[in-house]
Amino acid sequence: MKIVSSSNDEWNTAVAQVEPPPPTLQISVGVIVTVATLIFVSIVVIGAPIELSMFIAMLFMMLVLLLRGYSVPRIQDFAFTAMKSVLELIIILITVGMLVGVWAQSGTIPYIITLGLDSIHPSFFYPIAILLCSVTSLATGTSWGTMGSVGVALMAVGSGLGMPAAITAGAVISGAYFGDKLSLLSDSTNLIAALTKTPIMEHIKYMMITTGPAYIATLVVFGLIGWFQPHNNGSEEAVAAIIQGLESNFTLNWTVFLPAAVLLVMLFFRLPPYMAIFGGVLSGGVIAVAVQGATLNEVVTVISSGFNLTTGIDGIDSLVSGGGMLSMAGLAMLFLFAVGTSGLLQSGGFVDSLLEAFLRQANTRRKLMVLTSPLMIITVGLGAALSFAAVLLGTLLTPAYKKMGLQTKNLSRTLEDSGTTYDAFWPWGGGGVFAAGALGVATLDYMPFMFFAFFSTATGIIVALTQFKVATIPEEDLNDESTPGDTEDHSPRGEEAQEALIATESTRPSNPNQLSPVEDLASTSSSARY
């Protein structure tokens with residue numbers, strides 16, 4: 001045991017205590033399974049809201065750490081530090097709520113709906129939605145910005161065409177994360193390339209081995225769904241009635257598209273997403289007053305509480321109404337409590353213990369590459385944020401890949417295939433909370449239609465099993481630390497000779513006063529991901 005000092009800036013106190021020993025693998029598994037069971041029972045059996053269930057899970061983790069010997073101020077610091085790191089994401093979530101309401105009031109969403117209903121046939125809607133989101137995300141480098149702008153409009157168009165909202169959300173998410181994954185402007189792409197010491201262009205080029213087939217398969221599957229899916233509610237009469245109803249309640253011309261143009265331009269110039277989205281809110285408010293005749297007081301009310309259209313026609317009223325910053329309150333609480341729980345799991349050493357067990361088992365190339373995929377998916381869920389999983393696994397697994405004679409771009413590609421694409425997969429994660437709030441569809445509803453994520457992981461595992469196009473380090477360079485990692489050798493070598501002793505000590509700093517990668521994550525803002 002060692003004496004450590006923990007500081008809390010807000011309390012302006014220093015607490016000296018004996019740090020408990022790291023938990024064993026059995027304890028770590030037991031704690032994580034208990035947390036998962038507690039959440040499941042609260043939601044499914046008792047029927048408690050997910051926000052309350054996650055809050056209870058966070059309190060349970062505080063009790064576990066207290067029983068393990070941590071002081072109350074130190075436990076609070078673990079949870080609150082993690083919460084602080086996602087405050088920017090909470091602001092993004094709130095501004096998206098404002099955006100949805102104001103864009104409805106200004107006529108921006110109704111105008112996009114009428115254009116979409118006029119020009120898109122239901123049979124081709126899903127592939128078109130994927131392509132539109134892909135292009136937007138490639139150009140802006142942000143999946144969240146894409147879902148909060150183009151995605152919102154496409155959800156309304158899909159509703160007007162009679163398309164199931166869950167499938168539409170799956171198409172929007174697939175397109176948004178395809179662009180995010182390959183864009184030079186994407187924070188996640190640059191972050192993962194930097195963590196694994198892979199040149200950015202080499203990283204993007206190498207991802208196409210798995211991303212290309214996965215994207216084509218996604219377009220084909222969504223195309224087949226759209227082609228064979230009945231469109232009873234999207235008949236010409238129903239579409240005409242929706243268009244007529246919108247045109248009779250809004251002034252619809254090119255001027256109402258200006259808020260969307262303002263948002264996209266601000267995103268393109270790499271302004272912080274919450275600033276770009278709020279720019280769309282302000283410009284939408286101006287259009288609402290100047291074009292739709294709304295009063296300033298009405299605009300402020302919509303920003304706070306959302307927009308309610310009262311034509312008496314349910315199909316039109318439900319299509320346009322919604323939004324407001326208060327509509328995101330529950331999702332914001334869910335995200336805060338989930339990240340707090342994650343911070344307690346991380347700082348308590350439970351995640352470290354699981355990773356060390358993984359590194360002992362992944363003793364061949366195929367095992368290491370195949371097991372990295374589910375490990376990344378699970379770590380995204382445990383950390384409630386992609387940036388946590390990317391920093392943790394990028395730091396810990398880079399030496400392991402090198403010891404196996406694998407170039408690090410194999411790792412960077414796998415982290416994208418089973419990490420970036422699963423950002424919106426977990427209901428309590430940042431991406432899942434944001435997608436559910438922006439698109440108006442519960443995570444568990446759209447989850448089965450995240451085909452791009454599933455195909456990306458599947459193609460990655462196939463590549464790992466077949467060792468197809470796997471970039472290796474030449475034997476003579478295995479012990480050369482200066483190897484740049486951009487030389488490919490596609491000839492397979494015997495895995496028996498590649499069995500390595502992946503010492504867990506290599507994941508820990510030699511300096512006892514230096515933070516480990518997991519401990520250092522608290523200071524890494526998950527907003528870097530977006």
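Structure: see above.
An account of the accompanying structure is given in this report. (Residues numbered from 1 in each chain as written. Predicted model: local features only at pLDDT ≥ 70, side-chain atom pairs only at ≥ 80, totals over all residues. Heavy atoms only, no water.)

## Looking at the overall build of the chain
Alright, step 1. Helix and strand content of the chain: 24 helices and 2 strands.
Alright, step 2. Buried positions account for 57% of the 530 residues belonging to the chain.
Alright, step 3. Taking as baseline every contact in the chain between residues at least 6 positions apart, the subset at least 24 positions apart corresponds to 77%. (Helix = DSSP H or I, 4+ residues; strand = E, 2+ residues; numbered from the N terminus. Buried < 20%, exposed > 50% of the residue type's maximum accessible area, 1.4 Å probe, protein only. Contact = heavy atoms within 4.5 Å.)

## A closer look at the nonpolar core
Alright, step 1. Within the largest apolar cluster, 147 residues are counted, with the highest numbers of intra-cluster contacts made by Phe125, Met147, Ile173 and Leu344.
Alright, step 2. Setting aside anything within four residues of it in sequence, one finds Leu344 in contact with Met58, Met61, Met62, Leu65, Ile75, Phe78, Ala79 and Phe350. (Core = buried A, V, L, I, M, F, W, Y, C linked by side-chain atoms within 4.5 Å.)

## Focus on unusual backbone geometry
Alright, step 1. Phi is positive for Lys197, close to 60°, though the residue is something other than glycine.
Alright, step 2. Mapped onto the elements, Lys197 comes out in the loop between helix H9 (187-195) and helix H10 (200-228).
Alright, step 3. Residue Lys197 is classed as exposed on the basis of its relative accessible area of 58%.
Alright, step 4. Positive phi outside glycine occurs at Gln467, with the angle close to 60°.
Alright, step 5. Note on placement: Gln467 falls in the loop between helix H23 (451-466) and helix H24 (517-520).
Alright, step 6. Judged by its relative accessible area of 12%, Gln467 is buried.

## A closer look at a nonpolar patch on the surface
Alright, step 1. There is a patch of nonpolar side chains on the surface, built from Phe124, Ile128, Leu132, Ile216, Val220, Leu224, Trp227 and Phe228 and spanning about 830 Å² of accessible area.
Alright, step 2. Residue assignment for the nonpolar patch shows that the elements contributing at least two residues are helix H6 (125-140) and H10.
Alright, step 3. A total of 5 residues in the nonpolar patch trace back to one element, the largest contributor, which is H10.
Alright, step 4. Inspection of the secondary structure puts Ile128 in helix H6.
Alright, step 5. You can call Ile128 partly exposed: its relative accessible area is 30%. (Patch = residues over 30% accessible without salt bridge, like charges linked within 9 Å, V, L, I, M, F, W, Y side chains within 5 Å. Areas by Shrake-Rupley, 256 points an atom, 1.4 Å probe, with all protein chains shown as cover. Salt bridge = Lys/Arg side-chain N within 4 Å of Asp/Glu carboxyl O.)

These results come straight from atomic positions and should not be treated as a statement about function.
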